[in-house]
Structure formats: structure tokens, C-alpha cells
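Read off the chains here:
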Amino acid sequence: MFNNSLKDRLITLLGRENVLDSIEELSCYAYDSFLEESLPEIVVLPKSTTEVAAVVEIAATNKIALTARGAGTSVCGAPIPVKRGIVLCFSKMNKVLEINTRDRYAVVEPGVINGDLQKKLAPLGFFYPPDPGSIMISTIGGNVALNAGGPRCLKYGVTMDYVLGMEVVLPSGKIINLGSKNIKDVTGYKLSALFCGSEGTLGLITKIILRITPQPETARTVLVTFADLDNTAKAVSEIIGSGILPVAMELMDSITIREIENTLNLGLDTEAAGTLLIEVDGTAETCRREMGRIVEKVNDYGALSLQEAATSAEREELWKARRFAYPVFAKIGPDIITEDVTVPISKVPAMIAKIREILNAHDIRAGILAHAGDGNMHPLIPVDKSDTEQMKRVNQAIEEIFAAAVPFEGTLSGEHGIGLAKAEFLPLVLDDNTREFMSVIKKAVDPDNLFNPGKFV
Amino acid sequence: MKNPSENTSANVSTNTCGKCGFCLAVCPVYSVLLDEKASPRARIQLIKVFSEGKISSSPLLKELISKCLMCGSCTANCPSEVDHYSQFMKMRSEMIKDHAEPIEIRGLIYLLAREQRLKMAASLARVGQGILPKAFAEKYQLGNIALSKLPDLNSRTFRSQVKKETAPSGKERGTVLYFTGCATNHVFEQTGHATLKLLTHMGYRVIIPAKQACCSIPLLFHGAEKQARENILANIACFDGEGAEAIIVDCPTCGSTLKNEYSPVLERAGKRSDSAQRISRKIVDIMSFVHDRLELLSIDRNKADAAVSVTYHAPCHLKNVFTPSARVLQQIKAIQYLPAEDSQECCGGGGTFFYEYPEVAAVLAGRKINNAQKSGAELWLTDCPVCRINLAGQQRDGKHLGLCHPAEFIATLLE
Ligand SMILES: Cc1cc2nc3c(=O)[nH]c(=O)nc-3n(C[C@H](O)[C@H](O)[C@H](O)COP(=O)(O)OP(=O)(O)OC[C@H]3O[C@@H](n4cnc5c(N)ncnc54)[C@H](O)[C@@H]3O)c2cc1C
Ligand code: SF4
Ligand code: SF4
């Protein structure tokens, strides 16, 4: 499929160092943070939209599969080139093109690392709210293509809520521009939203206009423990129901806390059945008032202990446990599956109980973590992918967890995406007509199924 | 070529890597090359697929593994406790078996393996330095660094300039052993004299064991584990003993090697490592030693007021294994310390890295130099001799910030 003359054309286009084709180099682009691996036939690292469009044209003319890649931190296998072909990695398109605080937008290339953008915004008193756990390395392009969320999305919303516009290279090689620099814009279909969460199956995003926001005056954080997990979850839906909107409400069960404590020795209470990390932000006065009400509510639900952070260093300490949950479980693994089912907030207590029940029934030791304030569950399941018996049990449990979310009117993924991990389960939550509609769009845009083939459409 | 299925001999465990990507965020080489193949995660993956026999040893594989500063930042930041450092070291040895190092690196290993050879080479070089025409020194380069910008060698080795044992200047508080390292012994005698001055000023008797050898890290990085073992045993023989309160190092890389690498090297060779562990517990870098005893320093107010303003570069091995000396500069209020915004970032020196991969080193050093100059300071302090050579050498003409070890600067402020 891939001959030398095509390779030579790519080299002429992009330069020798930006075209990789040895087995050693390809091995470095076969994975993301999920379990599967598949070697591409060639990897290209373009530096401009023109170069991207030229590569797409070659792929289109020769009917070669093409999979986009940002930093490769997807936890669902989204950037894995299962049909081989070309991997087009955006890491070298990493320029912040414009920051405009007056009009509150930033224009970035897709390879800009989320954390690097934050570092540029902070001195100006601004920030870009979506904060996936991979913030220090994942790219804005990857964040958009997976519509990433994060702890503070409870209050601020997910990636899509911050995308004003974008430039896209279509499978035909044509370049289109969607949206604009305007906060309000109803000129035609809101097509940029279609590309949020499209996982590279419709087009390659080569430029993004993002909405940015002034930093809040201050923030307050509290770590609360409970003797009962059900009460922990109920406290969450009670707080949300009472009209307070914290920045984040992160729930960790006792197994999660114990494993984190074993690794990091932070002095966490390993006896507590449930732990909540709650943060509010705004003016000092609102923070004080809201925190007061939150403390009341958690006490109503039998809080065992409350630890409040006064300085930003202390806040960092409280957040540390939450931030390290994923890697700590990855180490137990050696591999890890992070599930991502999401249910309406009032169903959180019931769903957590259900997940625990399913895990126990299959004798699986996993932590339960949740962005509880927005109903997003993250069971952290350490696995050894070479252990077929264990993998069978785990896959069975995951299937049951998905099925359990359905009667709660939940959904398969809150933020990690579908990728390879969940493609087969789509019919659980999307009916035939809806899936057919997605296929119609995909076929119209990418008739030869060249962009990220083998995934959910 | 070797049959891939034989690669299991490498037997390097890589299986705790969950591929989270955290290490990409801290890898200086990745930050310049922006290509996954230059990342710690990829190196770990390559070692894994090599061990599984899916790829064979090749010059490219060797390059992908070695295009690394061995700065330890990936290991220090990996939440899954992947030991990149040891895995890289083993893999380097494995690759060097099949694909020899370039001649200059082999020459270096030959020299560092024997203190005698090193001394001889240094004295020959000293003569050379004296007679080398200036034009020649300008033209020839080591990596990006013109020979003319390399520091002069000590006129005599540092250890031959000082006594084996130096008594404290005031009330005696204890005894320490001093591991001087190759750089202080042959290049930066100023660092050695300053370290001695600080220690004796604080009331310590300083013993410099005569038979000490190169710490061995260059040998380990370049696959010469057998030669390294001989040096390690020699060092253990002169540093393992009762009596001394601490073993002082002035070079963070020597320090991290003495602290963390001796036991594993001995264990890999099937030898006992209890002596190495005893040494490991006593190793401390001079600035941390000073930091923990700041009240013993008498700073002369007038000298401090007259002193230049300083900025600081934290060497990777100090930040990842010990603690950067910025805390000392911050706590001595009389010092005018102007932090650079990226004082914690890597400078790209990395042992012989700046010589082997000058294009990457130049970018890393360029960023640092820019920010250090922006700080407005008049002098740049750093604890590591390679950082010092790299950051001094990579400065282009025009404004040039001088560099020295923080111990040298602080020693000038004493009463
Ligand atoms: C430790 C850890 C914590 C995480 N925490 C979170 C979290 O809190 N919230 C969350 O939502 N996710 C989280 N993730 C998942 C992941 O980091 C995010 O999904 C992130 O958005 C992926 O970005 P990336 O740059 O790594 O993209 P990649 O993984 O490289 O790619 C992701 C998808 O985007 C496509 N793509 C990439 N760039 C483009 C482009 N320019 N145009 C078109 N398609 C493109 C790829 O084809 C692929 O389908 C976490 C992952 C890890 C390892
Ligand atoms: S930080 Fe550790 S676990 Fe994560 S990718 Fe790097 S080596 Fe693997
Ligand atoms: S040791 Fe330093 S340069 Fe080498 S892979 Fe790790 S972080 Fe990168």
C-alpha cells in the first residue's frame, strides 16, 4: 500500500526529519494511554496547515488511512491507527497565534499544550477553563477532538463551550473555516460543535479560536470525609440541588484513598468510606458564603472530618491526592482502564452503589472516583492485559456497568470519548436512526472512510 | 544482526508504565524535538518491544535511547515509579555491545577509568593549552562550544594543592569526608577551595581521601559497567568508615551517583551492597549541608552589601535527587538574589550530551541564557560543573554572564 515514491513525496514536502518510517520510530506512535497498540506505516509531523492539506491530498488520492494524533494521552484508543496508514502528529504545530484579552479570545495551533496556554494566560489575569488531568501534556487539538472535560468543568463547562471557531482540513483536502472570534455567532450551522468530540473522524483541526475567561478573585477548597459512601454521594446531589455551583466536587471511595495514601503518604484518612474534594471560586465574599453553606450540608450528611485550605500551596496539597489517582492505579496495573459512564447528578448515589456491586461480583479490585458534581464516574480498574482470564472478567463487568447506566438515563462517556474502548456499546445509548444520521454525515464528508477508520463511525 | 528473539537477555522490566504521558511534560529533550520518539515514554516502550524481541538492536535504536540527558526528571515525576534511569543505563550497555561508541567517547571512558590516566591526560592538555595558538582555539569546537570558551585546567590538581586533612577554623563540630570529583580536581579548583573554606568556617574537620576515583557515572552512561565497578569499589574503600558525619560532594551528578547508583551496580554484579548503602545515607551536597547549618555561617554585612547580584540555575541532578541551592540564596537576606523564571529548567549540558547532540543542547541553553540575562543579575550561580561549562560556553558574544558555584560566591561573603 505504501510505496517509496509516496514516501519520497512526503519527505520533499515536510523535510526528512518530519517523516518517520523505521520500525523503531513507528513503535513510538503505536500507542496512547489506553491498552491497544497498532503500528502505523508512516508518521508525519507537519508544521503548517498547507503541509497538512498536502499530506491529506496524498492520502486521499492514494486512499490511505490517516489518523491524527496530539500528545497520545487519550484513554480510549482514539489516536491508535488500527487500519495502519499514516499517523499525522500535530505536536510541532504548537504556536499560540494570538491572545486578545479585550475581546476575550485566543487563537492557537492544535499542537499547543493546554498547560502552556495556561502559562501564557495567567500573567494576563486570564485562564482557559477546561482542565483535563492530562493538562500538562495533552494538546488543545486533542482536547477539542475528544471534547475533554476536567474537574472544574462542573462550573465552567467542557471544551466545546469554549470553542468559538476553527480551521479544518477536510478529507478532500479542502480547508474550511467555522465560527468566528465573536462570542455570539448564529451564522449558519454551529459546525465547530460537530468537530468537538469527532475524534479525528471528520477533519483535521488546524487552528482553533478559544474563548478565555478572567481568573476569579480567589478560591476555597475543602476535603471532607464520610463514614458512608452513600451519604458522600447524597451530599453531592444535595449541594448541587440547593443551588450552589462549586468549581469542582471530586469523590473518592475508600479503595482509591487507600491506594493513593500507600504511594504518596499524604496523611489521608484511610478509614473513611468516602472522601469529597470541593472547591468554590469567585469573590472572597461569595467563597466564604458558599463554603459556609457547603460545610452545613456535609455536616447534615455526617461528615467525619473537614480540612480547609487557606493558601494556594495548601490547596495544591489537597488536590494532590485527586491528581495522582489515575497514575497510582496505573502502577498497580500494570495497565489501566478508566471507565467514564455518566449519569444525571441525582442518580450518582445509586450508580456508585451499582458499580461497586458489579465490581465485587466479578472479584475486581478497583477504585471509584467521580467528578461527582456532574455525574461523571471514573472507576479506575488496574488490569494486566496479558492476563486473559482477568481481562474477560473486567470486560464483562464494564459491559454490565454500561448497561446499568441506561435505566438511569446515563451515557457511555462523560469526557474520555468512544475510541476503540466503547465503539461496540454505542447501540446501548444511541438508537438506530441516530447512529445512521452520524454515518450519513461521515459518508458525506469522508466517503472513502480514510480519517481515523475503525472507530465509532 | 542479532536474532530478535534473543533480546530477552536485556531483561529490563518496563511493565509498570501506564503510558500516562506525565514524563513528556518534564523531558527537556522532548520539549525541543516535539517528537514522541524523543520522549521518555517512547524510550521505555522501545526497551519493552526490544526485550520482547519485536525489534532488534540497531544504530537508530541506540541513538533513540541515548539522545537523552540522563537528567532523571522523568523518573522523578513518574507517578507509576518507572525507573527510567536504570532501564536506560542497562539498555545503553546493551546497545553499545552491538554498536560501538564514537572514538572520542571511548577515549573519555579510557581516561576516566583510571585516575592516573586522567591526571596524565590533564597535564598533557595543560601543556597543550599553553601552546595552542588563539586562532586555533577559536576555530575548533566541542559541540557548540568554541575551545577558546572552555575553562582552563587547574595548574595542578586540586587535591595536590591541599592537605589530606584540614582542621576547622573555630570551635570543632565534627568531621566530614570530601569527595572532590573530577571537575573540581582538574578544572574548577576554585570550587574545591570554597567548599573547604565553608566547611572549616562552620567548624568541620575535612578529610579528602587520597585514593578516590571518578564517581563512574560517565562510564555507566556509556556502557562501561566493568570499569565503573572498579572505581566504585575503590571509592567505597576510601569513604566507608565510622567517624565522619557526612560525605560532602560539590557536584550534584557525582552526588546522585554515589547516592543512588552504587548499590544497584554492585547488586547487578552479584556483590554485596551494604557498604554502598551506608555511603549512600551519608552523601550530601555542600549547599544542602550549609543550608541545614545556616546559623553557623557568619556573613560579613559589608562584603555582602558590596557583592554583585546573582541569579541561579538548578542542575537536574540536584533538583531531582537533592534540593536546589536557591533556598540558601533566599534565606541569606543580605544576598541580592534575582530569580530567573526558568531557574529549574534543564540547560542541556547532560554529561557528554552537549557534545553529542549540539542542536538540542543549543536550544535548551539558549532559553536559559535569555532568561538569566533578563533577570538583570550580574553573576550566575550553578552547582554543576557541566552546566557551568555549557552555560558559559554557549553564550554568544556580547553580554556575557559569568558563572560560578554557589559555594564560591558565599565563601566570598564570610567574615
Ligand atoms: C492521566 C490522564 C488524565 C486524564 N484526564 C482527563 C480528564 O480529566 N478529562 C478528559 O476529558 N480527558 C482526560 N484524559 C484523556 C486525554 O488526556 C484527553 O482526552 C485529551 O484531550 C487527549 O489529548 P491528546 O492531545 O493527548 O490527543 P490524542 O490522544 O493524541 O488524540 C485524541 C483524539 O483526537 C484526535 N485528534 C488529535 N488532534 C487532532 C486534530 N488537530 N484534529 C483532529 N483530530 C485530532 C485523534 O485522532 C484522537 O482521536 C486523561 C488522560 C490521562 C493519561
Ligand atoms: S510518567 Fe511513567 S507511567 Fe507515565 S508515561 Fe512516563 S514512564 Fe509511563
Ligand atoms: S532522563 Fe531527562 S532527557 Fe532523558 S528521557 Fe528522562 S527527562 Fe528526558
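Residues numbered from 1 in each chain as written. Chains lettered and ligands numbered in written order. Predicted model: local features only at pLDDT ≥ 70, side-chain atom pairs only at ≥ 80, totals over all residues. Heavy atoms only, no water.

### A look at the pairing of strand β10 (residues 204-211) of chain A
All names here are of chain A. We count it as follows: A simple rule labels every residue: compare its accessible area, found with a 1.4 Å probe on the protein chains alone, to the largest value its type can have, and call it buried under 20%, exposed over 50%, or partly exposed in between. Going along the chain from the N terminus, every DSSP run of H or I of four or more residues is numbered as a helix, and every run of E of two or more is numbered as a strand. Only when DSSP finds a minimum of two bridges between them are two strands counted as paired.
The buried fraction of β10 amounts to six of the eight residues, a majority that puts the element mostly inside the structure. Examined bridge by bridge, strand β6 (residues 105-108) and β10 share four bridges and lie antiparallel to one another. Following the sheet pairing, Ala106 is matched in β10 by Leu210.

### Observations concerning the pairing of strand β4 (residues 174-179) of chain B
Residues and elements named next belong to chain B. Taking burial as the measure, the six residues of β4 include six buried ones, the bulk of the element. With four bridges joining them, β4 and strand β5 (residues 204-207) adopt parallel strand pairing. Across the sheet, Val176 pairs through a bridge with Val206, a residue of β5. Note: β4 against strand β6 (residues 246-249), four bridges, orientation parallel. What sits directly across from Val176, in β6, is Ala246.

### Overview of the interface of chain A and chain B
As a reminder, the rule being used: The contact criterion used is simple: two residues touch if any of their non-hydrogen atoms lie within 4.5 Å. Two parts placed together each lose some accessible area; with a 1.4 Å probe, that loss summed over both constitutes the buried area. Salt-bridge detection follows one rule: a side-chain nitrogen of Lys or Arg within 4 Å of a carboxyl oxygen of Asp or Glu. When residues are grouped by polarity, Ala, Val, Leu, Ile, Met, Phe, Trp, Tyr, Cys and Pro land in nonpolar, Asp, Glu, Lys and Arg in charged, and all others, Gly among them, in polar.
Across the contact, 30 residues belong to chain A and 31 residues belong to chain B. With both chains or domains summed, chain A and chain B bury close to 2500 Å², and 60% of this area falls on carbon and sulfur atoms. Where chain A touches chain B, the interface holds five salt bridges. Of the charged contacts in the structure, one is a salt bridge between Glu37 of chain A and Lys48 of chain B, with a shortest N-O distance of 3.7 Å. Mapped by element, the contributors of at least two residues to the side of chain A that touches chain B are α2 (23-26) and α12 (325-332) of chain A. Element by element, the count of residues in the side of chain A that touches chain B is highest for α12 of chain A, at four residues. Here the residues of the side of chain A that touches chain B sort into 14 nonpolar, nine polar and seven charged.

### Digging into the packing of aromatic side chains
All names here are of chain B. Heads up, the condition is: Stacked, tilted and edge-to-face are the three classes applied to pairs of Phe, Tyr and Trp rings, where Trp contributes its six-membered ring and a pair requires centres within 6.5 Å; stacked means planes under 30 degrees apart, edge-to-face means over 60, and tilted covers the rest.
In the structure shown here, the tally under the stated rule is eight aromatic pairs over all chains. Both rings, one in Tyr85 and one in Phe221, keep their centres 6.1 Å apart while their planes meet at 75 degrees; by these two values the pair is edge-to-face. Residue Tyr85 is found in helix α5 (residues 84-98), and its partner Phe221 is found in helix α12 (residues 217-221); the two are separated by 136 residues along the sequence. Like Phe221, Tyr85 is buried. With a centroid separation of 6.3 Å and an interplanar angle of 65 degrees, the aromatic rings of Phe158 and Tyr178 are classed as edge-to-face. With Phe158 in helix α9 (residues 158-161) and Tyr178 in strand β4, this pair connects stretches of sequence that are 20 residues apart. The two residues Phe158 and Tyr178 agree in class, both being buried.

### Observations regarding the site of ligand 1
What counts, and what does not: Any residue with a non-hydrogen atom lying within 4 Å of a molecule or strand is treated as near it. Polar contacts, as counted here, are pairs of nitrogen or oxygen atoms within 3.5 Å of one another; within protein the pair requires one atom able to donate a hydrogen and one able to accept it, and residues that are adjacent in sequence qualify only if both atoms are side-chain atoms. Here the limits of each domain have been adopted from an automatic or database domain assignment.
Inspection of the region around ligand 1 gives 37 residues, with Ala68, Gly70, Thr73, Ser134 and Thr139 of chain A positioned closest. More than a single chain frames ligand 1: its nearby residues are located in chains A and B. At a separation of 2.6 Å, an oxygen atom of ligand 1 approaches a polar backbone atom of Ala68 of chain A. A distance of 3.1 Å is found between an oxygen atom of ligand 1 and a backbone nitrogen or oxygen belonging to Glu199 of chain A. Those elements that place two or more of their residues in the shell around ligand 1 are β3 (66-69), α5 (140-145) and β10 of chain A. The dominant element in the shell around ligand 1, judged by the number of residues it contributes, is α5 of chain A, at four residues. Taken together, the residues that form the shell around ligand 1 break down as 16 nonpolar, 18 polar and three charged. Counting contributing residues per domain, the shell around ligand 1 is built from domain 1 (4-89) and domain 2 (96-214) of chain A, each supplying no fewer than three.

### Overview of the domain arrangement of chain B
Residue and element names in this part refer to chain B. Structurally, chain B comprises domain 1 (8-98) and domain 2 (298-412). Taken over C-alpha atoms, the centre of domain 1 sits 29 Å from the centre of domain 2. With 16 residues of domain 1 at the contact, the number on the domain 2 side is 15 residues. Surface buried jointly by domain 1 and domain 2 totals about 1100 Å² across both partners, of which 67% is contributed by carbon and sulfur atoms. It is Val32, Lys67 and Leu69 that lose the most area in domain 1 upon contact with domain 2, and together they represent 43% of the buried surface on that side. Inspection of the region where domain 1 meets domain 2 yields one salt bridge. Between Glu359 and Lys67 there is a salt bridge, with its nearest N and O atoms 3.7 Å apart.

### Digging into the pattern of salt bridges
A complete count under the given rule lists 45 salt bridges over all chains for this structure. Residues Asp131 of chain A and Arg152 of chain A are paired through a salt bridge, measuring 3.8 Å at the closest nitrogen-oxygen approach. Taken as a pair, Asp131 of chain A in the loop between β7 (126-127) and α5 and Arg152 of chain A in the loop between α5 and α6 (153-156) lie far apart in primary sequence, 21 residues in all. Glu245 of chain B is the partner of Arg293 of chain B in a salt bridge, and the nearest nitrogen-oxygen pair spans 3.0 Å.

### Points about the environment of Gly170 of chain B
Residues and elements named next belong to chain B. Note that Gly170 resides in the loop between β3 (165-166) and β4. Using a relative accessible area of 45% as the deciding quantity, one classes Gly170 as partly exposed. A sequence separation of 33 residues divides Gly170 from Gly203, and the C-alpha atoms of the two residues are 5.6 Å apart.

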